[in-house]
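# A structural walkthrough
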Amino acid sequence: MSTENEGTAVPPAPSAPPVPVDAPAASAQPPAPHAPDRAPASPPEAPAAPPAQAPVSPDQQASQGHPAPQVHPAPQGGDVPQGSTAPDAAWPPPPPPGTPAHIPTYGAGGDNGYGGGFDNGSGGGAGGWGASYQQPAPKPGRGRGGLVAGALIAALVAGGLGGGLGYTLAKNNDGNGSTTVSAPDTGGSVQRAAGTVAGVASKALPSTVTIQAEGSNGEGGTGTGFVFDKEGHIVTNNHVVAEAVDGGKLSATFPNGKKYEAEVVGHAQGYDVAVIKLENAPSDLKPLPLGDSDKVVVGDSTIAIGAPFGLSNTVTTGIISAKNRPVASSDGSADSKASYMSALQTDASINPGNSGGPLLDAQGNVIGINSAIQSTSNGGFGTGQAGSIGLGFAIPINQAEFVAQQLIKNGKPVYAKIGASVSLEETTNGAKLTEQGVGGSDPVEKGGPADDAGLKPGDVITKLDDRVIDSGPTLIGEIWTHKPGDEVTVTYERGGKQHTTEVTLGSKIGDD
């Protein structure tokens with residue numbers, strides 16, 4: 001199984017934390033035409049079905065005791081055409097059932113490798129299982145709106161036809177008594193309790209935004225974010241805004257249609273977290289309440305909000321499927337670097353465009369940032385994007401909150417570090433400290449945390465506190481759940497014997 005960030009194969013990862021860049025996703029769906037106001041007196045002739053389009057295969061997206069999955073970030077929802085906000089037509093339909101899918105492997109040393117750094121951390125070894133972040137999806141041809149609109153038109157026409165038949169049958173049976181019963185309350189007149197999905201969604205949606213990012217080259221895509229504070233800061237994924245970091249454009253649109261220009265305050269490629277700020281932010285912003293991701297348990301209900309394939313303000317539900325899932329994600333391009341997380345796994349439907357959106361608990365508290373998906377395909381036909389198969393991954397909010405606060409305060413991320421190069425080779429035996437450092441540096445930094453704790457090159461770390469460490473990427477993800485200055489207990493093997501030591505984690509500022 002392979003976890004991918006939409007994209008192609010992943011390059012080797014360095015031991016120090018590198019950084020992921022994400023690919024754009026599918027364009028938004030255009031509005032569908034209105035259905036006829038009145039049904040005809042007799043059944044109209046059914047319209048001819050639109051010509052079928054050639055199937056296009058999607059591109060793309062682990063657990064304690066297994067090497068971390070390489071995931072695709074739930075990418076931006078769609079390309080943003082330069083100079084226009086209207087979606088393109090001609091979205092190719094999904095491949096028919098039974099179409100064989102290409103399953104990318106977790107590339108050793110690739111963007112999605114686990115380990116001491118980002119994607120391209122040093123010591124990258126053979127690929128492991130899976131694609132969590134999806135391989136960067138090739139930029140869709142003309143937008144996907146056309147096909148979706150066509151499907152909606154077909155549904156509406158069918159609805160009109162059904163209405164016509166119903167009208168005719170009712171007219172022909174006017175003399176017969178009706179046994180139907182009308183509900184006293186329906187639709188908007190029903191009160192939804194705060195704990196229901198509808199109640200949570202109605203409260204949370206006004207505090208989520210659909211983000212449009214456009215690079216200086218006119219390329220970009222769609223993602224999601226949520227209101228972090230009353231000052232206008234919005235939290236999202238780094239890969240959502242990456243295109244707009246250097247001279248690009250950003251905008252955020254609320255469900256009520258109000259649109260604001262925005263700027264990047266700071267971004268952390270290793271964590272895949274970014275903060276943007278609205279220009280002329282409204283005074284009535286309502287930040288979403290932040291929960292405690294450490295207290296989440298498997299089986300808890302989840303609600304995800306985002307703009308899958310550009311369909312803004314979409315709500316999906318599921319449960320927490322697993323915790324502390326080691327995930328490495330990247331856009332899969334040759335020069336990209338990976339993000340590492342000890343993720344919350346959910347089966348709530350997450351697709352390209354959900355990236356950066358909130359993962360909520362049953363009370364409406366944010367417990368994670370939807371970031372990556374695992375897919376059975378990396379785009380065997382060369383186009384398209386992978387969709388949800390019930391394996392989504394979110395950055396725990398306890399970690400994301402710390403990162404966001406640092407970005408707002410300093411504009412740069414702060415990473416906890418152990419001060420040693422870690423092999424990214426696929427293994428289930430632990431994280432091995434390499435014999436050689438990156439670029440001629442010492443494999444164990446002199447005077448660094450690992451050195452002070454007595455660790456040496458060749459040692460194999462098997463546990464960090466009570467977490468089993470099965471690979472370099474898993475170790476990185478676990479270290480990054482901590483803050484600089486935290487003291488952790490490290491269990492390691494040397495010469496066939498097991499030892500333990502206390503390590504006070506150091507700090508590294510920035511992604512470089």
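For the structure itself, look to the data block above.
Read on for a plain summary of the structure. The shown structure was predicted, so the numbers you read here are calculated from the model rather than taken from an experiment.

### Points about the overall build of the protein
- Tallying secondary structure elements over the protein gives six helices and 20 strands in all.
- Evaluated residue by residue, the protein yields a buried proportion of 52% over its 512 residues.

### Side note on the pattern of salt bridges
- Within the structure shown, the criterion is met by four salt bridges.
- Residues Glu445 and Lys417 are paired through a salt bridge, measuring 3.0 Å at the closest nitrogen-oxygen approach. In this pair, Glu445 sits in the loop between strand E15 (431-432) and helix H5 (449-452) while Lys417 sits in strand E14 (residues 414-417), placing the two residues 28 residues apart along the sequence.
- With a relative accessible area of 32%, Glu445 lands in the partly exposed category.
- Across the pair Arg467 and Asp466 runs a salt bridge whose closest N-O atoms are separated by 3.6 Å.
- Here the residues in one salt-bridge network are Asp466, Arg467 and Glu478, joined through shared partners.

### Here we look at the sheet that holds strand E4 (residues 233-236)
- Taken in spatial order, the six strands of this closed barrel run E2-E3-E4-E7-E6-E5, and their pairing is antiparallel. Each strand of the sheet is rotated relative to its neighbour by a mean of 40°, with strand direction disregarded.
- As paired strands, E4 and strand E7 (residues 273-278) are joined by four bridges and run antiparallel to one another. The residue of E7 that forms the bridge with His233 is Lys277.

### A short note on the side chain of Asn351
- For Asn351, the position within the fold is in the loop between strand E10 (339-346) and strand E11 (358-360).
- Assessed through its relative accessible area of 11%, Asn351 is described here as buried.
- A polar contact of 2.6 Å, which involves the side chain of Asn351, links it to the backbone nitrogen of Ser388.

### Some words on the packing of aromatic side chains
- Following the criterion strictly, the structure yields five aromatic pairs and no others.
- Judged by centre distance (5.8 Å) and plane angle (85°), the ring pair of Phe254 and Tyr260 falls under edge-to-face.
- Here Tyr260 falls in the buried class, since its relative accessible area comes to 14%.
- Ring centres of Tyr415 and Trp480 lie 4.8 Å apart, and the angle between their planes is 45°; this geometry places the pair in the tilted category. With Tyr415 in strand E14 and Trp480 in the loop between helix H6 (472-479) and strand E18 (487-494), the pair connects residues that are 65 residues apart, well separated along the chain. Each of the two residues, Tyr415 as well as Trp480, counts as buried.
- Put simply, the rings of Tyr271, Tyr340, Tyr415 and Trp480 pair up and form one aromatic cluster.

### Let's talk about the pairing of strand E8 (residues 301-306)
- For E8, the buried fraction is high: five of the six residues fall into the buried class.
- As defined by bridge partners, E8 adjoins strand E9 (residues 314-329) across six bridges and the pair is classed as antiparallel. Within E9, the residue paired with Ser301 across the bridge is Ile319.
- In terms of strand pairing, E8 meets E11 through two bridges, oriented antiparallel. Counterpart to Ala304 in the pairing with E11 is Leu359.

### Considerations on H6
- In terms of burial, H6 is largely enclosed, as eight of its eight residues are buried.
- Every buried residue of H6 is listed here: Gly472, Pro473, Thr474, Leu475, Ile476, Gly477, Glu478 and Ile479.
- The inward-facing, buried residues of H6 contact E9, E10, E14, E15, strand E16 (460-464) and strand E17 (467-468).

### Some thoughts on unusual backbone geometry
- The phi torsion at Asn280 lies on the positive side, around 55°, for a residue other than glycine.
- Secondary-structure assignment places Asn280 in the loop between E7 and E8.
- When its relative accessible area of 73% is taken as the criterion, Asn280 is described as exposed.
- In this model, Asp465 sits at a positive phi of 55°, which is unusual for a non-glycine residue.
- Inspection of the secondary structure assignment puts Asp465 in the loop between E16 and E17.

Reading guide: rules and limits
Residues numbered from 1 in each chain as written. Predicted model: local features only at pLDDT ≥ 70, side-chain atom pairs only at ≥ 80, totals over all residues. Heavy atoms only, no water. Helix = DSSP H or I, 4+ residues; strand = E, 2+ residues; numbered from the N terminus. Buried < 20%, exposed > 50% of the residue type's maximum accessible area, 1.4 Å probe, protein only. Salt bridge = Lys/Arg side-chain N within 4 Å of Asp/Glu carboxyl O. Pairing = 2+ DSSP bridges. Axes fitted to C-alpha atoms, helices over the stretch in contact; angles between N-to-C directions. Polar contact = N/O pair within 3.5 Å; in protein donor to acceptor, adjacent residues only side chain to side chain. Phe/Tyr/Trp six-rings, centres within 6.5 Å; stacked < 30°, edge-to-face > 60°. Contact = heavy atoms within 4.5 Å.

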